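# Examining the three-dimensional arrangement
Each chain is listed here by its residues.
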Amino acid sequence: MNVPSNKFEKKDIIKVENRYLETDETNKLSLIAPHATINIIKDYKLAEKRKIQLPDFITGIFKCPNLRCVTIGENIKSVIEVIDKEKIILKCKYCGRILSIDELIF
Amino acid sequence: MKTNRFFNRDVVSIKDFKREDLEYLFEKTDKMKKLNPKEKDELGKARIMGYLFYEPSTRTRMSFEAAMASIGGSSIGISDLKSSSIEKGESLQDTVRVMDLYSDIMILRHQLDGSSKFAAEISDHPIINGGSGSEEHPTQAMLDLYTITKEKKKIDGLRICILGDLKYGRTIYSLLYGLSNYDVEIILVSPPTLQIRQESIYGLKDKMKIIELTELNDTVFQNSDILYVTRIQKERFSDPQEYEKVKGAYTIDSNILKRFKPDISIMHPLPRIDEISQDVDSKSNAIYFKQASYGKDLRSALLALILNESPL
């Protein structure tokens, strides 16, 4: 959308209607958009401005890329642990594989 | 009453155990060996060890069964999948849940990484990882470390060369995690296609010096105190041609042995195929069968400690 931004010159906006996002839901966005800001609009007014933070665990969103992982072989809900929030280093809770964001499978 | 530090614990990864835990286990293993049969019998009396082996095993299963029998307990289990409902498609989850109903402790060997972690979450009784995919084999590493302490009287200060299939060999990873509790130097030697998985040794290089090589050279011959040899894991190759290319890449025979330090100890988790020639078996350096015998001793102590609240 290329909306003007003071910090980055340009920015995009994604609008989600008729759905209140809980903090743990918006935190999951931090993996794909670590600098995103969440604006909660209620009755046409800004009700809350929220900075997102990486959660300690991300459950059930991504698949572990390790094809030998029990979560893949036995169709179990994945749990990805965030072991370094600065460098964004992730670990599969089950197989222990160290992962980067790029390796995660939706 | 003081509770022992292993009571009711799962043994999923050796990373869950600190140096003092391991040394406690080694001390209790020594103590167990001195007990008479009647005293040992009390430690596992009327207790049942369940085992689920989704992959073949000789030493791990037999030594656990022998260990359980030696403390007066009994074993039930599945090692032939064709004679169980696993053949009908029963999930790991359901099989573990049912075995958990019938046993006080369970040994699981499974081809998938993380299988023991998952099993430990869904079972009420302790789970011991008897080998999970290419990930870990913690009790093998515990007995390997115990073997080193018996042979060398120490672990700190040793240079340990690990040779063979470092990519797929799960014992290697558990051994490295266990060794990271000590002040050791590691030399890893493998064919280029079977080098250690860097993502699986994340953080280890900060804890200990690790040298990676693709061939045996003077650094290895002159510096190693322990040579730990592993089998090329044929069953984990998706392409048989790739296996053919690397099988027999390194063979330790009595001629090569002469190039090492005279007091080098040769270890192997077994089974071996052709990576150690049989002419090495009679040498005093060859300690792999002694290592296998320690498996029963250490696993007896481990089972007794997990099943009994009081220390041995």
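Coordinates for the structure precede this section.
Here we summarise the structure given alongside this text. (Residues numbered from 1 in each chain as written. Chains lettered and ligands numbered in written order. Predicted model: local features only at pLDDT ≥ 70, side-chain atom pairs only at ≥ 80, totals over all residues. Heavy atoms only, no water.)

## A word on the pairing of strand 7 (residues 89-92) of chain A
The side chains of a regular strand alternate, first on one face of the sheet and then on the other. Residues and elements named next belong to chain A. Threshold: Paired strands are those between which DSSP finds at least two bridges. The numbering of helices and of strands both runs from the N terminus, where a helix is a DSSP run of H or I of at least 4 residues and a strand a run of E of at least 2.
Two elements, strand 6 (residues 79-84) and strand 7, share four bridges in a ladder whose sense is antiparallel. Each residue of the ladder has a partner; that of Glu 81, found in strand 7, is Lys 91. Here strand 6 folds back onto strand 7, and the loop between the two strands holds four residues, one of which, Ile 88, carries a positive phi near 50 degrees. Counting the residues in the hairpin turn of strand 7 and strand 8 (residues 98-99) gives five residues, including Gly 96, whose phi is positive at 80 degrees.

## Structural notes on the environment of Ile 13 of chain A
All names here are of chain A. Rule in force here: Whether a residue is buried, partly exposed or exposed follows from its accessible area with a 1.4 Å probe, protein chains only, as a fraction of its type maximum: under 20%, in between, or over 50%, in that order. In what follows, a contact means two residues having at least one pair of non-hydrogen atoms within 4.5 Å.
On the secondary structure map, Ile 13 appears in the loop between strand 2 (9-11) and helix 1 (23-27). A residue is classified by how much of its surface remains accessible, and Ile 13, at 42% relative accessible area, is partly exposed. If sequence neighbours within four positions are ignored, Ile 13 has contacts with Met 1 and Val 3.

## Here we look at the pattern of salt bridges
Residue and element names in this part refer to chain B. What counts, and what does not: Salt bridges are defined by distance alone: a side-chain nitrogen of Lys or Arg within 4 Å of a carboxyl oxygen of Asp or Glu.
A complete count under the given rule lists 24 salt bridges over all chains for this structure. Lys 33 is paired through a salt bridge with Asp 297; the nearest N and O atoms lie 4.0 Å apart. Note that Lys 33 is positioned in helix 1 (residues 19-34) and Asp 297 in helix 12 (residues 288-307), a separation of 264 residues in sequence. The salt bridge partner of Glu 212 is Lys 205, with a shortest N-O separation of 2.9 Å. Linked by salt bridges that have partners in common, Arg 5, Arg 9 and Asp 21 make up one network.

## Description of the packing of helix 6 (residues 138-152) of chain B against helix 12 of chain B
Residues and elements named next belong to chain B. Cut-off, in case you're wondering: Throughout, an axis means a line fitted to C-alpha atoms (over the contacting stretch in the case of helices), and angles, computed between N-to-C directions, take values from 0 to 180 degrees. The cut-offs work like this: below 35 degrees is roughly parallel, past 145 is roughly antiparallel, 65 to 115 is roughly perpendicular, and the gaps in between are oblique. Here a crossing is called left-handed whenever its near helix is offset anticlockwise from the far helix by less than a right angle, and right-handed whenever the offset is clockwise. Three categories are distinguished: nonpolar for Ala, Val, Leu, Ile, Met, Phe, Trp, Tyr, Cys and Pro, charged for Asp, Glu, Lys and Arg, and polar for the others, with Gly belonging to the last.
Between helix 6 and helix 12, the least distance of the axes is 9 Å, while the angle of their chain directions is 115 degrees. Between helix 6 and helix 12, the angle is such that the two are roughly perpendicular. For the pair helix 6 and helix 12, the sense of crossing is right-handed. Residue-level inspection shows Thr 139, Gln 140, Met 142, Leu 143, Asp 144, Tyr 146, Thr 147, Lys 150 and Glu 151 of helix 6 in contact with helix 12, the latter providing Lys 290, Gln 291, Tyr 294, Gly 295, Leu 298, Arg 299 and Leu 302. Across the contact of helix 6 with helix 12, the residue classes tally to six nonpolar, five polar and five charged.

## With respect to the pairing of strand 1 (residues 48-53) of chain B
All names here are of chain B. As a reminder, the rule being used: Every crossover in which the path from the first strand over the helix to the second runs clockwise, viewed with the strands pointing away from the viewer, is termed right-handed.
Most of strand 1 is tucked away, with five of its six residues classed as buried. This β-α-β element, strand 1 to helix 3 (residues 59-70) to strand 2 (residues 74-78), shows right-handed connectivity. Taken together, the five bridges between strand 1 and strand 3 (residues 105-110) define a ladder with parallel strand orientation. Residue Gly 50 lies in a different strand from strand 3, and its bridge partner there is Met 106.

## Re the packing of aromatic side chains
One pair of aromatic rings is described through two measures. These are the centre distance and the angle between the planes. We count it as follows: Aromatic contacts are taken between Phe, Tyr and Trp rings whose centres are within 6.5 Å, Trp giving its six-membered ring; a plane angle under 30 degrees counts as stacked, one over 60 as edge-to-face, and the others as tilted. Lysine NZ or arginine CZ positioned within 6 Å of the ring centre and within 35 degrees of the ring normal marks a charge as sitting over the ring.
Enumeration according to the criterion identifies eight aromatic pairs over all chains in this entry. Judged by centre distance (6.2 Å) and plane angle (70 degrees), the rings of Tyr 94 of chain A and Phe 118 of chain B are edge-to-face. Here Phe 118 of chain B lies in helix 5 (residues 115-122) and Tyr 94 of chain A lies in the loop between strand 7 and strand 8, a pairing that spans two chains. Assigned by exposure class, Tyr 94 of chain A and Phe 118 of chain B land together as buried. A network of ring pairs unites the aromatic residues Phe 6, Phe 17 and Tyr 24 of chain B as a single cluster. It is Arg 5 of chain B that lies over the ring of Tyr 24 of chain B; its NZ or CZ is 5.3 Å from the centre.

## Regarding the interface of chain A and chain B
For clarity, the cut-off: A simple way to read buried area is as the amount of 1.4 Å-probe accessible surface that goes missing from two parts once joined, with both sides added. Pairs of N or O atoms are called polar contacts if they sit within 3.5 Å, as long as, within protein, a hydrogen donor faces a hydrogen acceptor (for residues adjacent in sequence, only side-chain-to-side-chain pairs).
Taken together, the contacts link 14 residues of chain A with 16 residues of chain B. Roughly 1,400 Å² is buried in total at the junction of chain A and chain B, and carbon and sulfur atoms are behind 55% of that figure. Sorting the residues of chain A by area buried against chain B places Arg 68, Glu 74 and Tyr 94 of chain A first, and these three jointly supply 43% of that buried surface. Our enumeration of links across chain A and chain B arrives at two salt bridges. A salt bridge links Arg 97 of chain A to Glu 199 of chain B; the nearest nitrogen and oxygen atoms lie 3.5 Å apart. On inspection of chain A and its partner chain B, the count reaches seven residue pairs in polar contact (both at pLDDT 80 or more).

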